[in-house]
Structure formats: structure tokens, C-alpha cells
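# Architecture at a glance
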Amino acid sequence: MKARARGMPVIVYRLGNQAGDRANAAWNPQDLTLLMLQGVLRSGQAPRLNWRLEFTPVDFTSEVIVRAMAQLSLHAGKIFHLVNPQPISFDLLCDWLSVSGYTLRRVDYADWLVELRQLAEACQPIASLLRLLEELAPSGGSQYFGQLSTFDSRQLRAALPSLGLESGYPAIESSLLAVYVARLAERGLLPRARRNTSGGALLGKVAMVTGASSGIGQAVAQALARDGCQVALVARRADQLEQVRQGILAAQGVAVACPADVTSRAEVEAAVARCRSLLGQPDILVNSAGVMYYTRAFSGLTHLTDRTIDVNCRGLVHTVEAVLPIMLDRGGGHIVNLSSDAGRAPFPGLAVYTGSKFFVEGYSRALRLEVASRGLRVTCVQPGDVRTPLQACRDDADSEAHKEFSGQGKYTMLEPEDVARAILYAVQQPPHVGVNEILVESREAPI
Ligand SMILES: NC(=O)c1ccc[n+]([C@@H]2O[C@H](COP(=O)([O-])OP(=O)(O)OC[C@H]3O[C@@H](n4cnc5c(N)ncnc54)[C@H](OP(=O)(O)O)[C@@H]3O)[C@@H](O)[C@H]2O)c1
């Protein structure tokens, strides 16, 4: 500031943590973030830490400095903060590493330090990390890692377009992390990830499946993962989702649990954000969350009719509306909606359910007309009776209607895997093919 007062053209750059560049991950070997990454992956342990990581790829910082200096008349006298305005949580980073093929065990910070001390004898970066941690956080992790400085970056954000950096501040997201981990592993600075060995037609695609904790959604998630998709599993029961996820991981697939109630727009948006951070932008959305209660229109079970409309209609719209901007932005994507043969013909004992599936049909058809020219596909799958928990009669449902109208015990129902195969067929087609509707029923019970 003194130089500026004497008439010198000065720009002040205040840098936050600098990470490797976005092409090669060339990174200061003594940087804490890099050493922490090495500590986590070499120990196979993720310490419980309330840490929000902030870093900026160093090539972005150098671009800003060089370009601003080339426009001294515009920028002299300004202070630019190069501190990432969107830090990510350490938990999310560890989740991302897990879904990217690293096996990590959650441990307490103190136990992690014990493990690091053993590794330090044979590994120089771990010894450096321990020294840094003893210096920065002598009384435990929570004190040091709990602090995050925030800076006002409005001045920099306002200047980015004039610096020719319209795409804005680099986000710390899955694609950047993937480059870092791959390049650092190539140079032997990080261990290599266990690869996803399922190499089907959908390798590298990201799919989001609602209703993945049971029945058709679960079978679809498993089939997509077998075919190479990375799958975000959505439903309310986190414990069930974790079981499905473990099954997919055991089969060398990639999956992440994103618990959410689809009737809540906020929870759906949080699930999509989690999918984007951990796996990337969804290429495929399968809407399988749904409920079905046998209730005749005059049985007065209004809480069940409300629930049917909330989950089957509103819930489906919530997820479509949450992913649609992403797919439209990218000019591609496939939305698969679980309708029903009750979306094509009325079924007694299921008036509101039938209505909800007619809604799914009408909504999907109009949606298809709106987005087909923008590169998107919309498929309606219309299964007949499938042997899943949906077919059970709840205690508070209309048991007489269930007895009279349910298909249970009357013919051989479809299995969830039969529907999953039909969905796989639709999503594996080349981009110019739209499999718009699939009616798949028990051979013995056509409508
Ligand atoms: N089974 C059939 O005969 C049949 C026939 C035609 C069409 N379908 C349609 O296929 C879809 C899947 O049915 P299914 O047979 O697989 O049923 P299911 O086994 O009962 O599974 C339903 C799934 O929906 C989820 N779900 C329910 N309410 C939810 C909410 N509010 N938020 C998030 N997830 C919710 C459940 O998970 P949580 O409980 O963990 O939230 C579960 O994963 C439904 O849309 C259904 O209408 C089924």
C-alpha cells in the first residue's frame, strides 16, 4: 500500500491454499491438503474431522495474476482474494474417494495419528504430514481443522469476465478430483484406486435411481452398475440403501447412497447435489420411488390417497425438475419414469393409483415433446404386477379391495429383474433412438 501511495501501479493478490494445476496436478509436495490426501489413502483410514477444504488450482491463480497485470490500467489499486468461495467438506472428499475405488475405514482422529506414526518410518510424506500436524494442531484435530477463513471475493468475481475467465472460479467437484487422483497415482504419489471392473455399454455414465432401496428400483440400480454405470441410490431408508450399495461394491461396481424423501423438494435437490459432487452430473434418471394401496374410491382412506399423489406425482416431478436443468445444459440425458399398466388402463380398487399413473403418462409425454429436440429422451415403463413389497396389503389399507382385486396368487407375476432388463434395453440404445414406452406384463395377465 505504501508503494501504491507513492504512485506505483500495485495489485494485491491474497492467496488461499494452492492445489495442483488442472492438467497435471503439479503440486507443492509439502502442501497440507496433498499430505492429508496421502495420509488418508496410504493408511486406508478416513479420520473423523470437521474440516472444510478450500483450495484453488494453481494454474487458475497464475492466469489471474498474469491477465490482471496485462490490464494494469483497469486493475491497479485493487485487492484480489484467490480463496475458493465453495469449499468442500472433508467427509464428502472421503465419500468421493470411497466411490472412486478406494477402501477407507472411518476412524477417530487420535487413532489415525497412531496409524500414521507406524507408517511414517517407511514413508517420507507421512513423516512430513505428522510434523505439520504436530505444529498446526498440537492439541487435536478439531481445533485447527474447525477453522476456515472466509474472504470477500466479490471484487475478483466481478473482474473475471474482463480477465477473459468467464467460466468463473474453478469448482472443487468430481471431475477435478478425478484428474488430481489419477495424475498423482500415475506419479506414485498416491496409491492406485481399485478399478471398476464391470465394463459394459454404460461404462462411465452416471445414473440416479429413486426407490433404489427395494423392488424394481433396487434391481435397476444393480443392473445399471453391472453394465458400468456409477449409480446414486435414492430412497428414505438409509440402512436399506447401504445394503444395496454394499452389494454393488462387492460386485466391483460403483454406487453412492443419497437418502432423500422425494416428496421434499429440498431433500431431492440435496440428493442431486450429492450425486454431482461424488459421481458427476447424472446422465440417466430412473424414477422408481412409488407407493400403491388398494383403496376403493369410497373407502375414505384419505391419508393413503394423499400419500399416493404426493409420492407418485409430486415426488416424480421433484426429481425431474432437479435434474432437468443439468441435462438441458449438457444437451443430453435419459429420464425413465416407472408408470404401470395402470397408466394405460383403469384398475378397480386402485382408482387413485390409476390416476397417479395416468398423470405419469401425461406428464412424461408432454415432457418428451418439450425436450426431445434438446437431446433428451423420456421413457415410460408400464409394468404389470411385479413380485415386490408394493404388492403387500398394509394394515391400514382396504383389505377387502386387496382380496378382490389384487393379482397375488392368481398368476405368475413378473420379477423386478424382468423390468430392469426392459429399462436396460431402453437406456442402451444409440442416441437417435427413443424407446418411448415399454409395456411389460405377466404373459398370463395382459390388459
Ligand atoms: N410392483 C408392481 O407390481 C408394480 C407394477 C407397476 C408399476 N410399479 C411401479 O414401480 C415402482 C417401484 O415399485 P416396486 O414394486 O419396486 O415397489 P417397492 O418394492 O415397494 O419399492 C418402492 C420404493 O419406493 C421408495 N419410496 C417410497 N416412498 C418414497 C418417498 N417418499 N421418497 C423416496 N422413496 C420412496 C421406497 O423406499 P423407502 O421406503 O426406503 O423410501 C422403495 O425403494 C413404483 O413407482 C410402482 O408404482 C410397480
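First things first, this report covers the structure right here in the doc. No experiment lies behind these values; they were computed from the predicted model shown. (Residues numbered from 1 in each chain as written. Predicted model: local features only at pLDDT ≥ 70, side-chain atom pairs only at ≥ 80, totals over all residues. Heavy atoms only, no water.)

The secondary structure content of the protein amounts to 17 helices and 15 strands. Dimensions of the protein along its principal axes, counting C-alpha atoms only, are 90 × 55 × 40 Å. Counting across all 447 residues of the protein, residues that qualify as buried make up 51%. In the protein, of all internal contacts separated by at least 6 residues, the share reaching a separation of at least 24 is 76%. Accessible surface computed for the protein: about 21,000 Å², of which carbon and sulfur atoms make up 51%. (Helix = DSSP H or I, 4+ residues; strand = E, 2+ residues; numbered from the N terminus. Buried < 20%, exposed > 50% of the residue type's maximum accessible area, 1.4 Å probe, protein only. Contact = heavy atoms within 4.5 Å. Areas by Shrake-Rupley, 256 points an atom, 1.4 Å probe, with all protein chains shown as cover.)

With 12 residues, helix H6 (residues 109–120) ought to run about 16 Å at 1.5 Å a step, and its terminal C-alpha atoms sit 16 Å apart, in line with that. Turning to H6, its buried residues number three or more, namely Tyr 109, Trp 112, Leu 113, Leu 116 and Ala 120. In a view along the axis of H6, the buried residues occupy a sector of 100°, so they form one face of it. In the core, the buried residues of H6 are packed alongside helix H2 (32–43), strand E3 (45–47), strand E8 (105–107), helix H7 (124–136) and helix H8 (141–145). (Expected span 1.5 Å × (residues − 1). Arc of directions from axis to C-beta.)

With 14 residues, helix H13 (residues 265–278) ought to run about 20 Å at 1.5 Å a step, and its terminal C-alpha atoms sit 20 Å apart, in line with that. Taken as a whole, H13 has its buried residues at Val 268, Ala 271, Val 272, Cys 275 and Leu 278. Viewed along the axis of H13, the buried residues span an arc of 140°, placing them on a single side of the element. Two residues or fewer after H13 comes Gly 280, characterised by a positive phi angle close to 120°.

Now for the site of the ligand. The full set close to the ligand counts 30 residues, and Ser 214, Arg 236, Tyr 353, Thr 388 and Gln 391 are the nearest of them. Residue Arg 236 places a side-chain N or O atom 2.7 Å away from an oxygen atom belonging to the ligand. Note that an oxygen atom of the ligand is positioned 2.7 Å from one of the side-chain N or O atoms of Gln 391. Breaking the shell around the ligand down by element, the ones donating at least two residues are helix H11 (215–226), helix H14 (302–330) and helix H15 (351–371). Per-class residue counts for the shell around the ligand are 13 nonpolar, 11 polar and six charged. (Near = heavy atom within 4 Å. Polar contact = N/O pair within 3.5 Å; in protein donor to acceptor, adjacent residues only side chain to side chain. Nonpolar A, V, L, I, M, F, W, Y, C, P; charged D, E, K, R; others polar.)

Honestly, it's all geometry; don't read function into it.
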